[in-house]
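Now for the letters of each chain:
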Amino acid sequence: MRTTLSVLSAEPIPPGTSMPGTTIVSEHKLTLTRYGRRPTSKPPVLLVPPPAAPAATYDLRPTQSLVAHLVDQGHAVYLADYGDISYADRGMGFEEWIDRIVPRAVSAASAEAAQSVHIVGWSLGGTLSLLTVAAHPGLPVASIATIGTPIDYSKLPAISPLRRAATVTGGRVIGTVNRVMGGVPPWLVRNSFKLTALERELTKPWFVLQHANETVKLEQMKSVDGFMAAMPAYPGRLFHQMWHQLMLGNELANGHVVLGDRRIDLGEIRVPVLAVAGLADVIAPVPVAHAITTVLTGAPRLRFETAPGGHVGVLAGPKAPTTTWRFLDEHLAG
């Protein structure tokens, strides 16, 4: 049994467990891995991560693994992984994900499972999932679940000062820095995420003292530290689109996103949708995430729930199994 000292002195726990998986697709910026058996009586689930977070966020450790939970429930689980993002990938934008990567993952998972898949997208992975299904209504998708996905950026306090400054500069300052750097590098993504979780960082010493004899809780804390340490970069073009169209233009809250000469309308989504927001999430606070209920006008069924936890905690925190995961189980059961 591990001691408190051994837990605290160890390096941050890297995300990902040793669950055996089978690689279904291995190509540029997409590795699709299946966990669990097929065929199964339960519908297949495709997990779509955001570009600037490890895919293993869905599988932080055995007690914090949505992958393991879904497999235990009898689902074949397909996890998309985009690998590392570097300066060479600076030209990748939303189109790369919604026209190639996510549709490829959906089609491959559906073909292997011989039925339509249920998509679960966390954070910006939820955005990619929504836009993909809206842009390609013929894909074999049975439903969508979003967890911690921001929609109405005008209600996001964390970027309010930047939005106000952008009204003066036209958003050029951040845009210029982004172009020079070719995106948002990993070190900046990691430190920015820590700033959004500032309360957690400041209260960590007190948390350690309070739970000094609870190695499980301390290991959970270290697993989140490992998640932060493993964050990759944002490609330059994708961040440019996020900054100008989502954060400044607030296009998602208006029900559509314009990419080049086409307009993708969220009202075109015709599958059931579950959305879960974290009560302590500062990246996608409840009012920011709740706006999904006003833009998915074509969904035959839309359920919105809140659950304890911040941006990671709502997906993989200690209370997720009895809240977020339970909502997801009910959603998948139809």
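What this report covers is the structure whose coordinates are included nearby. (Residues numbered from 1 in each chain as written. Predicted model: local features only at pLDDT ≥ 70, side-chain atom pairs only at ≥ 80, totals over all residues. Heavy atoms only, no water.)

1. Focus on the overall build of the protein
Operational definition: Helix and strand labels come from DSSP, where a helix needs a run of H or I of at least four residues and a strand needs a run of E of at least two; each type is numbered from the N terminus. Each residue gets one of three labels from its accessible area relative to the maximum for its type: buried under 20%, exposed over 50%, partly exposed in between, using a 1.4 Å probe on protein chains only. Residues are treated as being in contact if the distance between any of their heavy atoms lies within 4.5 Å. Here the accessible surface of atoms and residues is derived via Shrake-Rupley with a 1.4 Å probe, and residues count as covered only by protein chains that are part of the display.
A tally of helices and strands in the protein yields 14 helices and 12 strands. When each of the 334 residues of the protein is scored for burial, the buried share is 53%. Considering only intrachain contacts with a sequence separation of at least 6, the fraction spanning at least 24 residues in the protein is 80%. Carbon and sulfur atoms form 57% of the exposed surface of the protein, whose accessible area is close to 14100 Å².

2. Brief notes about helix H3 (residues 94-113)
Let me state the cut-off plainly: Any helix carries an expected span of 1.5 Å times its number of residues minus one. Bend at a given residue is defined as the angle between two axes, one fitted to the seven residues that end at that position and one fitted to the seven that begin there.
Its 20 residues place the ends of H3 27 Å apart at the C-alpha level, agreeing with the 28 Å of an ideal helix rising 1.5 Å per residue. Pro103 marks where H3 bends most, by close to 30°. Remark: Ala114 follows H3 within two positions and exhibits a positive phi of approximately 60°.

3. Things to note about helix H14 (residues 324-332)
Note the cut-off: Here the arc refers to the directions that run from the helix axis out to each C-beta atom.
Thr324, Trp325, Phe327, Leu328, His331 and Leu332 are the residues of H14 that are buried. For H14, the angular spread of the buried residues around the axis is 155°, confining them to a single face. Phi for Gly334, located one or two positions after H14, is positive at around 80°.

4. Brief notes about the sheet that holds strand E4 (residues 77-81)
Note the threshold: When DSSP locates at least two bridges between a pair of strands, those strands are taken to pair. Angles shown run from 0 to 180 degrees and are taken between the N-to-C directions of axes, each axis being a line fitted to C-alpha atoms and, for helices, limited to the stretch in contact.
The eight strands are arranged E1-E2-E4-E3-E5-E6-E11-E12 in an open sheet whose pairing can be described as mixed. Bordering the open sheet on either side are strand E1 (22-27) and strand E12 (302-307), each of which pairs with just one other strand. Sheet twist, expressed as the average angle between the axes of neighbouring strands with direction ignored, equals 15°. Pairing analysis gives six bridges linking strand E11 (residues 273-278) to E12, with the strands arranged parallel. Note that in E12 the partner of Val276 across the bridge is Glu305.

5. Re the nonpolar core
What counts here: Residue types Ala, Val, Leu, Ile, Met, Phe, Trp, Tyr and Cys, when buried and joined through side-chain atoms within 4.5 Å, form a set referred to as a nonpolar core.
By size, the foremost hydrophobic cluster in this structure holds 58 residues, and its most contacted members are Leu32, Leu46, Phe94, Leu266, Ile269 and Leu296. If you tally residues by element for this core, the top one is H3, at 10 residues. Setting aside chain neighbours within four positions, we find Leu46 in contact with Leu32, Tyr78, Ala105, Val106, Val117, His118, Ile119 and Val120.

6. What about the packing of H3 against helix H4 (residues 124-135)?
Going by this rule: An angle below 35 degrees is treated as roughly parallel, one above 145 as roughly antiparallel, one from 65 to 115 as roughly perpendicular, and anything else as oblique. Three classes are used: nonpolar for Ala, Val, Leu, Ile, Met, Phe, Trp, Tyr, Cys and Pro, charged for Asp, Glu, Lys and Arg, and polar for all others, with Gly counted as polar.
Packing of H3 against H4 brings their axes to within 9 Å, and their N-to-C directions diverge by 75°. When the axes of H3 and H4 are compared, the pair comes out roughly perpendicular. On the side of H3, the interface is formed by Phe94, Trp97, Ile98, Val102 and Pro103, while H4 contributes Leu124, Thr127, Leu128, Leu131 and Thr132. Among the residues making up the contact of H3 with H4, the classes are represented as eight nonpolar, two polar and no charged.

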